[in-house]
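An overview of the molecular structure
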Amino acid sequence: MKVFSMAMLDIQNVSKTYEDNLIVNNISLTINAGEFFTLLGPSGCGKTTLLRMIAGFVTPDSGKILLDGKDITHLAPEKRPLHTIFQSYALFPHMTVYDNIAFPLKMAKWEKVKLNEQVLELLEDVRLTKYMSRYPHELSGGQRQRVAIARSLVDRPKLLLLDEPLSALDARLREHMHVELVKLQEETETTFIYVTHDQGEALALSNRIAVLNHGKIEQLDKPQMVYTRPDTHFVADFLGKCNLLRAEILGIDYEGKYLKLRVADSLEFDLFDLDVDTPNMYFVGQIGWYFIRPEKISAKKTDIDDEDLFSARVFVKGYYYYGGETLYEFLLENGTKIQAMLSNTKTEQSKFYTEESLVYVAFDPQAGNFLIK
Ligand SMILES: Nc1ncnc2c1ncn2[C@@H]1O[C@H](COP(=O)(O)OP(=O)(O)OP(=O)(O)O)[C@@H](O)[C@H]1O
Ligand SMILES: [Mg+2]
């Protein structure tokens, strides 16, 4: 497991307003040297605006941006030791792959032998050595994007900003590029700040993710944490399929640090290891949501006898076959919907639970958590 400790980029209380709308709302965050950091959020939440402030194309209304301890808030974009790759990357159509990649070095007047060495190394890194004499129109979309990435890395920037760089590519090519990007980032030891609205992409690529909503950070953590331990309803919902069931606190045990919950007006269980000491955080009678991912729920045709698991009788509402898994929609006896994602591990075609089936679901309550906002 990689550990990053050197703060490289320090964003302090940065805000930006457009036409009376607060687009970036007092954001503070620190990005470490060598990190693959992702800004994830829905369309319009302010990701590109924040990235453009880091790049210098947009000036914040307030707040500061420090790079290696130096205030760059008002520094011109071309003076910043970073590059930006946009969705619509522009290669020079009249230049070969080699010349496209060499361009920044020629502008910086690199000496010929060193320039050639550096371009050949980058060509190798993006596996385009045999395409170096081709022109952009003779390449596939994925290859063109690799040239754009090589060109952005050739003069060894400290920081590479990538704004949805793969969104023009088809799903298979995108997946392939994910592997390439992570390899390239590790090989060149460049710090990446990656913008996407695709949660799968963010989870697969990042060391850490900041989930943005309406110009604010809702949660900043490792991919496993934002996925399995979301802090808010929004993060839970945005990161993938989930059950968010109405829940009420029946009791708080300060000694044992647990909450007694009633979920979906019918299921009662305890949640452990909670921070019950923070004043006013929880109170008896408080209403929130119990969150649990569908893959944490299993289903059987007979009642499941395991004291660590909570089980309930359900009815089948429907199912969606995804190939590797099937998503079942069950109803509790009071009509509350509960989703379970079941793996199709059997060799024969999966036997689906039908509307007539008698089914029990079971889950470990600790696999989920209680959300109050
Ligand atoms: N120059 C501008 N003038 C006025 N409004 C702007 C300007 N730039 C961005 N906005 C607005 O700010 C909001 C956030 O835009 P931004 O481009 O940062 O969103 P985003 O998170 O990158 O979205 P997407 O995923 O669609 O790219 C949007 O409502 C947009 O219309
Ligand atoms: Mg954008």
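To be clear, the structure that these remarks concern was listed above.
Now for a description of the structure that goes with this document. (Residues numbered from 1 in each chain as written. Chains lettered and ligands numbered in written order. Predicted model: local features only at pLDDT ≥ 70, side-chain atom pairs only at ≥ 80, totals over all residues. Heavy atoms only, no water.)

**Considering the sheet that holds strand β2 (residues 21-32)**
Inclusion rule: Strand pairing follows a simple DSSP-based rule, namely that at least 2 bridges must link the two strands. Per the convention used, a helix needs a DSSP run of H or I reaching at least four residues, while a strand needs a run of E reaching at least two, with both numbered from the N terminus. We call two residues in contact when some of their heavy atoms are within 4.5 Å. Here, axes are lines fitted to C-alpha atoms. For helices the fit covers the stretch in contact, and angles between N-to-C directions go from 0 to 180 degrees.
Strand order in this open sheet of 4 strands is β2-β1-β4-β5, and the pairing throughout is antiparallel. Taken across any chain shown, the strands that pair with only one partner, and hence form the sheet edges, are β2 and β5 (70-71). Alignment of strand β4 (residues 62-67) against β5, held across 2 bridges, turns out to be antiparallel. Within β5, the residue paired with L67 across the bridge is K70. Across the sheet, helix α1 (residues 47-55) lies against β1 (7-18), β2 and β4, angled at about 120° from β1, the strand it touches most.

**Considering the pattern of salt bridges**
Applicable threshold: Here, a salt bridge means any Lys or Arg side-chain nitrogen found within 4 Å of an Asp or Glu carboxyl oxygen.
Considering all chains together, one arrives at 13 salt bridges under this definition. Among the salt bridges present, the one from D68 reaches K158, with a minimum N-O distance of 2.9 Å. Highlighted residues: D68 in the loop between β4 and β5 and K158 in the loop between α4 (141-153) and β7 (159-163), separated in sequence by 90 residues. Note that E329 and K317 form a salt bridge whose closest N and O atoms lie 3.7 Å from each other. Taken together, the residues E329 in strand β17 (residues 325-332) and K317 in strand β16 (residues 310-321) connect sequence positions 12 residues apart. If you follow the salt bridges from partner to partner, you end up with R127, R146 and E180 in one network.

**A look at empty space enclosed by the protein**
Applicable threshold: Buriedness for pockets is judged along seven lines, at least five of which must meet protein on both sides within 12 Å for an open set on the 1 Å grid over protein atoms alone, while cavities are sets there where a 1.4 Å probe fits but cannot get out, and lining residues have an atom within 4 Å of a point. Grid points are joined across faces, edges and corners, and a volume is the space filled by probe spheres set on the points. Gly is placed with the polar residues, together with every amino acid not listed as nonpolar (Ala, Val, Leu, Ile, Met, Phe, Trp, Tyr, Cys and Pro) or charged (Asp, Glu, Lys and Arg).
Counted according to the given criterion, the structure contains 1 cavity of 30 Å³ or more. Here the largest cavity defines a volume of roughly 40 Å³. If you trace the largest cavity, you find it lined by R246, A247, E248, R262, D265 and I287. If you tally residues by element for the lining of the largest cavity, the top one is strand β11 (residues 243-253), at 3 residues. A breakdown of the residues in the lining of the largest cavity according to their chemical character gives 2 nonpolar, no polar and 4 charged.

**Regarding the pairing of β11**
Direction of pairing for β11 relative to strand β14 (residues 287-292): antiparallel, over a ladder of 6 bridges. Bridging from a neighbouring strand, N243 pairs with I292 of β14. Note that β11 and strand β12 (residues 258-263) share 6 bridges and pair antiparallel. The partner of E248 across the bridge, within β12, is R262. If you look at the hairpin formed by β11 and β12, you'll find 4 residues sitting between the two strands, and K257 has a positive phi there, around 50°.

**A closer look at the site of ligand 1**
Rule in force here: The near set for a molecule or strand comprises every residue that places at least one heavy atom within 4 Å of it. Any pair of N or O atoms that falls within 3.5 Å is considered a polar contact. Within protein, one atom must be able to donate a hydrogen and the other to accept it, and sequence-neighbouring residues count only if both atoms are side-chain atoms.
For ligand 1, the full set of nearby residues is Y18, E19, I23, P42, S43, G44, C45, G46, K47, T48, T49 and E164. S43 places a polar side-chain atom, nitrogen or oxygen, 2.5 Å from an oxygen atom of ligand 1. For ligand 1, an oxygen atom lies 2.8 Å from a polar atom in the backbone of G44. If you tally residues by element for the shell around ligand 1, the top one is α1, at 3 residues. A per-class count over the shell around ligand 1 returns 4 nonpolar, 5 polar and 3 charged.

**Description of the sheet that holds strand β18 (residues 337-343)**
Read across the sheet, 5 strands follow the order β15-β19-β16-β17-β18 without closing on themselves; strand pairing throughout is antiparallel. Bordering the open sheet on either side are β15 (298-300) and β18, each of which pairs with just one other strand. Within this sheet the neighbouring strands show an average axis-to-axis angle of 45°, counted without direction. Two elements, β16 and strand β19 (residues 359-363), share 5 bridges in a ladder whose sense is antiparallel. Bridge pairing links S311 to A362 in β19.

**A short note on the layout of surface pockets**
When its volume is computed, the largest pocket comes out at roughly 500 Å³. What lines the largest pocket is a set of 21 residues, among which L82, H83, T84, R151 and S152 lie closest to the centre. Only β6 (82-85), α2 (97-107) and α4 provide two or more residues apiece to the lining of the largest pocket. By residue number, the principal contributor to the lining of the largest pocket is β6, which donates 4 residues. A class-by-class count of the residues in the lining of the largest pocket yields 13 nonpolar, 4 polar and 4 charged.

**Some remarks on the environment of H233**
Short version of the rule: Each residue is assigned to one of three classes by its accessible area relative to the maximum for its type, calculated with a 1.4 Å probe on protein chains only: buried under 20%, partly exposed between the two thresholds, exposed over 50%.
Following the sequence through the fold, H233 ends up in helix α8 (residues 233-238). According to the relative accessible area criterion, H233 is partly exposed, its value standing at 25%. Distance from H233 to K373, taken between C-alpha atoms, is 6.0 Å for residues 140 residues apart in sequence. Excluding its chain neighbours within four sequence positions, the residues that come into contact with H233 are L244, W289, L371 and K373.

**Description of unusual backbone geometry**
Not every positive phi belongs to a glycine, and K109 is a case in point at roughly 55°. Within the element layout of this structure, K109 appears in the loop between α2 and α3 (112-125). Positive phi, normally seen in glycine, also occurs at E164, with a value near 45°. Looking at the secondary structure, you find E164 in the loop between β7 and α5 (171-188).

**Considering the nonpolar core**
The condition is simple: Definition of nonpolar core: a set of buried residues of the types Ala, Val, Leu, Ile, Met, Phe, Trp, Tyr and Cys, connected through side-chain atoms within 4.5 Å.
Core analysis: the largest hydrophobic core is formed by 33 residues, its most contacted members being L261, V263, F269, Y290 and F330. Every element with two or more residues in this core is listed here: β11, β12, β13 (267-271), β14, β16, β17, β18 and β19. Setting aside residues no more than four positions away along its own chain, L261 makes contact with E248, I249, L250, L267, E268, F269, L271, Y290 and F370. One finds Y98, L105, L162 and L169 within the second-largest nonpolar core, a separate group that totals 32 residues.

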